[in-house]
Amino acid sequence: MSEKPNPTRKRLVDAAAKLFYAEGIGRVSVDAVAEKAGLTKRTLYYHFKSKDELITAYLDSRDQPNLKQMAGWFEAAEGGADKKVEAIFTHLARVARHVKWKGCGFLRTAAELAAMPGHPAVKAGSRHKSNFEKWLAGELSGHGVREAKMLAREIVLLMDGAFSSMLIHHDPNYITAAGHAAATLVRARSQKKD
């Protein structure tokens, strides 16, 4: 039996998610999170021992929704595995055109915490990226694609590289180009060997 989520804790995580994503974790104080949630700082610290724990909860709260969204894009796309993988990138490029899009929250948080590789939020980001990679490898394998684990890793590298380029250039065409490259890699491993 699963535990019922605590509504106050969820309210704090939701407020933190909006602020951390929009402004970055370093620029947002716990006071600002509490205010955004309409709660006191004391209430925040009742639910979270530290800002670090709140940052980790923010990333953990984004893991499954992000994976579910990408899986939905993959499943809804018509065609073979190459078209399904490219569809993920196509949808990401569309989302990246929105004025409020600030890139991958997992990568941005890891960049802000680069000097602290053992930080729990960095570990949460690593879990998310690993979860996506494992999911993608399973889907590719299920579609008969050779070397699915290595290919999934290569696609993650293309995706994260595109996210990084987007932060610098603010051009969603980097995501589209990465999608074309990913589809090409999938096709190369989908062809029958002689």
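Looking at an unreviewed UniProt entry, the protein carries the name TetR/AcrR family transcriptional regulator, with the source organism given as Mesorhizobium album.

Tell me what's going on with the overall build of the protein, and back it up with residues and numbers.
Across its full length, the protein holds nine helices and zero strands. Mapped in sequence order, the helices and strands of the protein form the string α-α-α-α-α-α-α-α-α. Taken over the C-alpha atoms alone, the protein extends approximately 65 × 45 × 30 Å along its principal axes. Here the protein holds 194 residues, and the buried ones make up 42% of them. Intrachain contacts of the protein at a sequence separation of at least 6 include 66% that bridge at least 24 residues. With the model as given, the accessible surface of the protein reaches about 11,200 Å², and the carbon-plus-sulfur share is 54%. Positive and negative side-chain charges of the protein, numbering 31 and 21 respectively, have mean locations separated by a distance of 3 Å.

Break down the nonpolar core for me, citing the residues and quoting the values.
Ranked by internal contacts, the top residues of the largest apolar core, which has 58 residues, are Phe20, Val33, Val85, Leu136, Leu140, Ile155 and Ile175. Those elements that provide at least two residues to this core are α1 (7-23), α2 (30-37), α4 (51-76), α5 (81-96), α7 (120-142), α8 (148-169) and α9 (173-190). Top element by residues in this core is α4. It accounts for 10 residues.

Tell me about the UniProt feature "DNA-binding region" (unreviewed entry) in the protein, residues and numbers included.
Feature annotation in UniProt places "DNA-binding region" (unreviewed entry) on residues 29-48, given in this structure's numbering. End C-alpha to end C-alpha, residues 29-48 measures 14 Å, and it is 75% helix and 0% strand.

How would you sum up unusual backbone geometry? Please name residues and give values.
Even without being glycine, Glu147 reaches a positive phi, approximately 50°. Locating Glu147 in the fold gives a position in the loop between α7 and α8. The phi torsion at His170 lies on the positive side, around 55°, for a residue other than glycine. Topologically, His170 is positioned in the loop between α8 and α9.

Could you give me a rundown of the packing of α8 against α9, with the residues and numbers involved?
The contact between α8 and α9 brings their axes to 8 Å, and the two run at 170°. Considering their axes alone, α8 and α9 lie roughly antiparallel with respect to each other. When α8 is examined against α9, the residues Met150, Leu151, Glu154, Ile155, Leu158, Ala162, Ser165, Met166 and His169 are found in contact with a partner set consisting of Tyr174, Ile175, Ala178, Ala181, Ala182, Leu185, Val186 and Arg189. A class-by-class count of the residues in the contact of α8 with α9 yields 13 nonpolar, two polar and two charged.

Describe the packing of α5 against α9, naming the residues involved and giving the relevant values.
Two quantities define a packed helix pair, namely the angle between the helix axes and the distance between the axes. In the contact formed by α5 and α9, the axes pass within 8 Å of each other and the chain directions differ by 170°. The orientation of α5 relative to α9 falls into the category roughly antiparallel. Along its contact with α5, which presents Ala81, Asp82, Val85, Glu86, Phe89, Leu92, Ala93 and Ala96, the element α9 presents Ile175, Thr176, Ala178, Gly179, His180, Ala182, Ala183, Val186 and Arg187. Split into classes, the residues belonging to the contact of α5 with α9 amount to 11 nonpolar, three polar and three charged.

I'd like a rundown of α9, residues and numbers included.
End to end, α9 covers 25 Å across 18 residues, agreeing with the expected 26 Å (1.5 Å per residue, within 8%). Among the residues of α9, those classed as buried are Ile175, Ala178, Gly179, Ala182, Ala183, Val186 and Arg189. The arc enclosing the buried residues of α9, seen along the axis, measures out at 140°, which places them on a common side. If you follow the buried residues of α9, they end up packed against α5, α7 and α8.

Any details on the pattern of salt bridges? Residues and values, ideally.
Counted under the stated rule, the structure contains eight salt bridges. A salt bridge links Arg127 to Asp60; the shortest N-O distance between them is 2.9 Å. Of this pair, Arg127 sits in helix α7 while Asp60 sits in helix α4, and the two are 67 residues apart along the sequence. Residue Arg127 is classed as partly exposed on the basis of its relative accessible area, which comes to 41%. Glu154 serves as the salt-bridge partner of Arg189, at 2.8 Å between the closest nitrogen and oxygen. Taken as a pair, Arg189 in helix α9 and Glu154 in helix α8 lie far apart in primary sequence, 35 residues in all. Members of the salt-bridge network, linked through shared partners, are Glu147, Glu154 and Arg189.

Conventions used here
Residues numbered from 1 in each chain as written. Predicted model: local features only at pLDDT ≥ 70, side-chain atom pairs only at ≥ 80, totals over all residues. Heavy atoms only, no water. Helix = DSSP H or I, 4+ residues; strand = E, 2+ residues; numbered from the N terminus. Buried < 20%, exposed > 50% of the residue type's maximum accessible area, 1.4 Å probe, protein only. Contact = heavy atoms within 4.5 Å. Areas by Shrake-Rupley, 256 points an atom, 1.4 Å probe, with all protein chains shown as cover. Lys, Arg positive; Asp, Glu negative; His and termini not counted. Charge placed at Lys NZ, Arg CZ, Asp CG, Glu CD. Core = buried A, V, L, I, M, F, W, Y, C linked by side-chain atoms within 4.5 Å. UniProt positions renumbered as here; feature names shortened; annotations may be inferred. Axes fitted to C-alpha atoms, helices over the stretch in contact; angles between N-to-C directions. Parallel < 35°, antiparallel > 145°, perpendicular 65-115°, else oblique. Nonpolar A, V, L, I, M, F, W, Y, C, P; charged D, E, K, R; others polar. Expected span 1.5 Å × (residues − 1). Arc of directions from axis to C-beta. Salt bridge = Lys/Arg side-chain N within 4 Å of Asp/Glu carboxyl O.

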